[in-house]
There are 2 protein chains.
Amino acid sequence: MAEEKKISMAVIRRLPRYFRYLSDLMKLDIKRISSKELSERMQITASQIRQDLNCFGGFGQQGYGYNVEYLYDEISKILGTDRRFSCIIVGAGNMGNALANYENFSKRGFDIVGIFDVSPDKVGTVINNIKVLHMDMLPEFVKTHHVDIAMLTVPNSKVNEVAIQVTELGIKGIWNFSPTDLRLGDDVIVENVHLSDSLMVLGYRLKESMEGRKTS
Amino acid sequence: MAEEKKISMAVIRRLPRYFRYLSDLMKLDIKRISSKELSERMQITASQIRQDLNCFGGFGQQGYGYNVEYLYDEISKILGTDRRFSCIIVGAGNMGNALANYENFSKRGFDIVGIFDVSPDKVGTVINNIKVLHMDMLPEFVKTHHVDIAMLTVPNSKVNEVAIQVTELGIKGIWNFSPTDLRLGDDVIVENVHLSDSLMVLGYRLKESMEGRKTS
DNA sequence: TTTGTTTTGACAAAAAAATAACAATTATGA
DNA sequence: TCATAATTGTTATTTTTTTGTCAAAACAAA
Ligand SMILES: NC(=O)c1ccc[n+]([C@@H]2O[C@H](COP(=O)([O-])OP(=O)(O)OC[C@H]3O[C@@H](n4cnc5c(N)ncnc54)[C@H](O)[C@@H]3O)[C@@H](O)[C@H]2O)c1
Ligand SMILES: NC(=O)c1ccc[n+]([C@@H]2O[C@H](COP(=O)([O-])OP(=O)(O)OC[C@H]3O[C@@H](n4cnc5c(N)ncnc54)[C@H](O)[C@@H]3O)[C@@H](O)[C@H]2O)c1
């Protein structure tokens, strides 16, 4: 077991992109691809593709390239797309609704099994066939249903307490939509979606480009 | 003008985070802060903070630290938060609705001035005081209103054509929510929000942590 | 004013990431 | 079957990013 080579986040964050491109290639009925051709499509170097893939093992064949379907399956396995994750949405507002109505998450293995809120306006309503429950029901719900991920779409001012609540119930994965960095235990994985940050970066780049500078 | 030092994306993507922390400090009525203390709050090294800020000029004072409000204002200027951007939303579906109803974008200088769709179910409805217009009205709209940014929340299958449409009308900034990488001219700035990618990374990290590995 | 402490800004060093190079291997076509 | 072209996996090199160091500057207290 001495072969514990740590894989960097830089590599991991590129995996879903490979996954997407391979999925597209399959739809185009392309059976094989070389790192060179893929690099042209993805606008990255062939070297990087080969190096990234080799973090996980040799999926290609010299003189031939990569079998698209095989590589797709392998990346699926790496990403865990072959397994299913149970998710709840906390906060049935604008963003919570959007997430609950998005069908593609379940295609990628993420099942929304519950939606929670505190507002009497929301509790009892049905979103995409799921009844919104009151937060008071959450402890009981987590006892009877296994929950891997909590998608937090509550107001910024509430996200800290809600994050603590869900982690105390044993939920280990948090997908956070609030513009706040959560500080939780080491065994909890937090992935942030900082939409405003992204928009501000767009604003910056736009401003720079209007002033004639390039942003890379 | 020989002082054109290019600022890396790595630095730029950290700016909104500094902005957020400084904003929080101001709310706490904290007037000054050293890179050391800020580094503890932000969980990054003091060295990185000083190096990042120095890309744009010396905002601090030796022996004192940084004046919170002054630094906040300077980062505002760098990010362009002092100016306003006109935005349209294309695709009045789940995500388009969520964005249209989010009040905080305008607080950061991003004004939603129009919403467009093609579906008769959506055209004519009013979201957050803005009437949804048909896509056919877009060329005329862009002629009479200046538009900096198009937020694209159309289905995946349509996003390419819509992106081409809006760029042909002269819109230079695109905030793309589809799991697709747009290929547009060099003068168009595209910022992607790949939600599914983010969720898949969460899945990966969760899986790794369940198996006992650390992800950094 | 003087002295000791704090803290920046600049630079140096280290680490990480990306790119390039190339031997080894396989496919392909004569 | 054999020679040639293609293409990987791996190692080396380069570039970028992060971290560490320290003199110089400013503060604070005596
Ligand atoms: N809507 C967007 O486009 C958008 C964009 C960027 C960031 N965000 C962030 O996403 C989060 C949600 O935004 P939104 O627009 O959906 O807000 P929203 O106000 O529409 O919805 C929030 C929901 O959370 C519920 N809630 C409040 N306290 C709760 C609690 N303690 N437990 C459970 N539910 C609770 C509210 O009743 C409400 O239904 C916010 O943090 C916001 O900053 C949203
Ligand atoms: N909803 C989510 O949580 C979520 C999550 C991840 C990614 N996304 C992505 O965001 C995008 C939008 O998702 P959604 O859930 O809001 O979809 P949606 O189907 O709810 O809304 C799409 C809207 O676009 C409109 N539209 C279709 N063709 C158009 C055209 N040519 N011009 C203008 N409008 C057009 C439709 O009428 C519809 O109102 C998709 O690409 C999706 O993959 C959404």
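Residues numbered from 1 in each chain as written. Chains lettered and ligands numbered in written order. Predicted model: local features only at pLDDT ≥ 70, side-chain atom pairs only at ≥ 80, totals over all residues. Heavy atoms only, no water.

Q: So what's going on with the site of ligand 2? Which residues, and what values?
A: Taken together, 25 residues are adjacent to ligand 2, and Y102 of chain A together with M95, D117, V154 and S178 of chain B come closest. At the site occupied by ligand 2, nearby residues are drawn from chains A and B. Here an oxygen atom of ligand 2 sits 2.5 Å away from a polar atom, N or O, in the side chain of D117 of chain B. A distance of 2.9 Å separates an oxygen atom of ligand 2 from a polar backbone atom of V154 of chain B. (Near = heavy atom within 4 Å. Polar contact = N/O pair within 3.5 Å; in protein donor to acceptor, adjacent residues only side chain to side chain.)

Q: I'd love a proper account of the interface of chain A and chain B, names of residues and values included.
A: Contacts between chain A and chain B engage 68 residues on the former and 68 residues on the latter. Buried area between chain A and chain B, summed over both chains or domains, comes out near 6000 Å², and the portion from carbon and sulfur atoms is 64%. In this structure, the salt-bridge partner of R17 of chain A is D181 of chain B, at a minimum N-O distance of 2.7 Å. Viewed at the interface, chain B and chain A are joined by 24 residue pairs in polar contact (both at pLDDT 80 or more). It is helix α10 (residues 195-210) of chain A that contributes the most residues to the side of chain A that touches chain B, 15 residues altogether. Of the residues that constitute the side of chain A that touches chain B, the class distribution is 32 nonpolar, 15 polar and 21 charged. (Contact = heavy atoms within 4.5 Å. Buried area = accessible area lost by both parts, 1.4 Å probe. Salt bridge = Lys/Arg side-chain N within 4 Å of Asp/Glu carboxyl O. Helix = DSSP H or I, 4+ residues; strand = E, 2+ residues; numbered from the N terminus. Nonpolar A, V, L, I, M, F, W, Y, C, P; charged D, E, K, R; others polar.)

Q: Please give an account of the pairing of strand β5 (residues 110-117) of chain B that cites residues and values.
A: Residue and element names in this part refer to chain B. By the criterion of burial, β5 is predominantly enclosed, with 6 of the 8 residues buried. Judged from the 6 bridges that link them, strand β4 (residues 85-90) and β5 form a sheet pairing that is parallel. Paired with S86 across the strands is D111, a residue of β5. (Buried < 20%, exposed > 50% of the residue type's maximum accessible area, 1.4 Å probe, protein only. Pairing = 2+ DSSP bridges.)

Q: Explain the protein's contact with DNA strand D residue by residue, including any values.
A: Taken together, 25 residues form the shell around DNA strand D, and within it S35, Q62 and Y66 of chain A together with S47 and Q62 of chain B come nearest. The protein-proximal atoms of DNA strand D, defined as those within 4 Å of the protein, are 61% sugar or phosphate. Interatomic distance of 2.8 Å between a side-chain N/O atom of Y66 of chain A and a phosphate oxygen of DNA strand D. Listed by contribution, the elements that provide at least two residues to the surface near DNA strand D are α4 (46-54), β2 (60-61) and β3 (65-67) of chain A together with α4 (46-54) of chain B. Among the elements that take part in the surface near DNA strand D, α4 of chain B stands out by supplying 4 residues, more than any other.

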